[in-house]
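# Remarks on the overall topology
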Amino acid sequence: MDILKSIIEIDRNAAAEAEKLVEAEMHRLDEADEKYAGRRERLLAEERAKADEALKKQAELLEEKKRNTKAALVESTEHLDGVFAAYRSEWQNEIISRITGV
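Predicted model, so just to flag it, every value in this text is computed and none were measured.

A separate point is the overall build of the protein chain. Within the protein chain one finds 1 helix and 0 strands. Taken over C-alpha atoms, the radius of gyration comes to 43 Å for the protein chain, far larger than the 13 Å a tight globule of 102 residues would show. Seen along its three principal axes, the alpha-carbon backbone of the protein chain occupies a region of about 140 × 25 × 5 Å. For the protein chain, the exposed surface amounts to about 9700 Å²; the carbon and sulfur share of it is 59%.

This is how it looks when you write it as structure tokens:
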């Protein structure tokens, strides 16, 4: 009977030890998951910051191109207005003479 009690006691101790080891492993895995999640969030935040910065730079470049294009358009329009103003009376006379035949 003592041998049977001894075997049962050894089995209980082994089961308790196995349970402790399983709990320790689960705890270690939980810690590893938390570290991974933290690292992942940090990397995502860094990448988002980089993407936001790149987007900001692109928006600034686009805005600069728009300003340059608008300035070039204004300059071209002013040049054409000057050309039309310089030849206005000459062109009006030519158009009128072609219409009237005079």
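Once you've had a look at it, read on.
This part takes up the pattern of salt bridges. Applying the stated criterion across every chain, the model contains 5 salt bridges. Where Glu-63 meets Lys-66, a salt bridge forms, and the shortest distance between an N and an O atom there is 3.8 Å. With Glu-63 and Lys-66 both in helix H1 (residues 2–100) and 3 residues apart, this pair spans about one turn of that helix. For Glu-63, a relative accessible area of 37% puts it in the partly exposed group.

Together, Asp-30, Glu-31, Asp-33 and Glu-34 give the surface a local cluster of negative charge. Position of Asp-33 relative to the elements: it lies in helix H1.

On to H1, then. Under the 1.5 Å per step criterion, the end-to-end length of H1 is 136 Å for 99 residues, consistent within 8% with the ideal 147 Å. At Arg-88, H1 shows its largest bend, some 55°. Two residues or fewer past H1, Gly-101 is found with a positive phi of approximately 75°.

On the surface, Leu-80, Phe-84, Tyr-87, Trp-91, Ile-95 and Ile-99 cluster together into a nonpolar patch covering about 640 Å² of accessible area. Mapping Tyr-87 onto the fold places it in helix H1. For Tyr-87, a relative accessible area of 40% gives the class partly exposed.

Relative to the helices and strands, Leu-62 resides in helix H1. Owing to a relative accessible area of 52%, Leu-62 belongs among the exposed residues under this scheme. Once the C-alpha coordinates of Leu-62 and Leu-4 are considered, the two residues, 58 residues apart in sequence, prove to be 85 Å apart.

Attention shifts here to the environment of Ala-85. Turning to its location among the elements, Ala-85 is positioned in helix H1. Note on Ala-85: relative accessible area 54%, which makes it exposed. Distance in space between the C-alpha atoms of Ala-85 and Arg-48 is 55 Å, their sequence separation being 37 residues.

Attention shifts here to the packing of aromatic side chains. Under the criterion given, the structure shown has 2 aromatic pairs. Here Tyr-87 and Trp-91 contribute two aromatic rings whose centre-to-centre distance is 5.5 Å and whose plane-to-plane angle is 20°, an arrangement assigned as stacked. Pair noted here: Tyr-87 and Trp-91 are both in helix H1, with a separation of 4 residues, about one helical turn. Connected via pairs of aromatic rings, a cluster forms that spans Phe-84, Tyr-87 and Trp-91.

Rules of the game
- Residues numbered from 1 in each chain as written.
- Predicted model: local features only at pLDDT ≥ 70, side-chain atom pairs only at ≥ 80, totals over all residues.
- Heavy atoms only, no water.
- Helix = DSSP H or I, 4+ residues; strand = E, 2+ residues; numbered from the N terminus.
- Rg over C-alpha atoms; globule rule 2.2 N^0.38 Å.
- Areas by Shrake-Rupley, 256 points an atom, 1.4 Å probe, with all protein chains shown as cover.
- Salt bridge = Lys/Arg side-chain N within 4 Å of Asp/Glu carboxyl O.
- Buried < 20%, exposed > 50% of the residue type's maximum accessible area, 1.4 Å probe, protein only.
- Patch = residues over 30% accessible without salt bridge, like charges linked within 9 Å, V, L, I, M, F, W, Y side chains within 5 Å.
- Lys, Arg positive; Asp, Glu negative; His and termini not counted.
- Charge placed at Lys NZ, Arg CZ, Asp CG, Glu CD.
- Expected span 1.5 Å × (residues − 1).
- Bend = angle between axes of the 7 residues up to and from the residue.
- Phe/Tyr/Trp six-rings, centres within 6.5 Å; stacked < 30°, edge-to-face > 60°.

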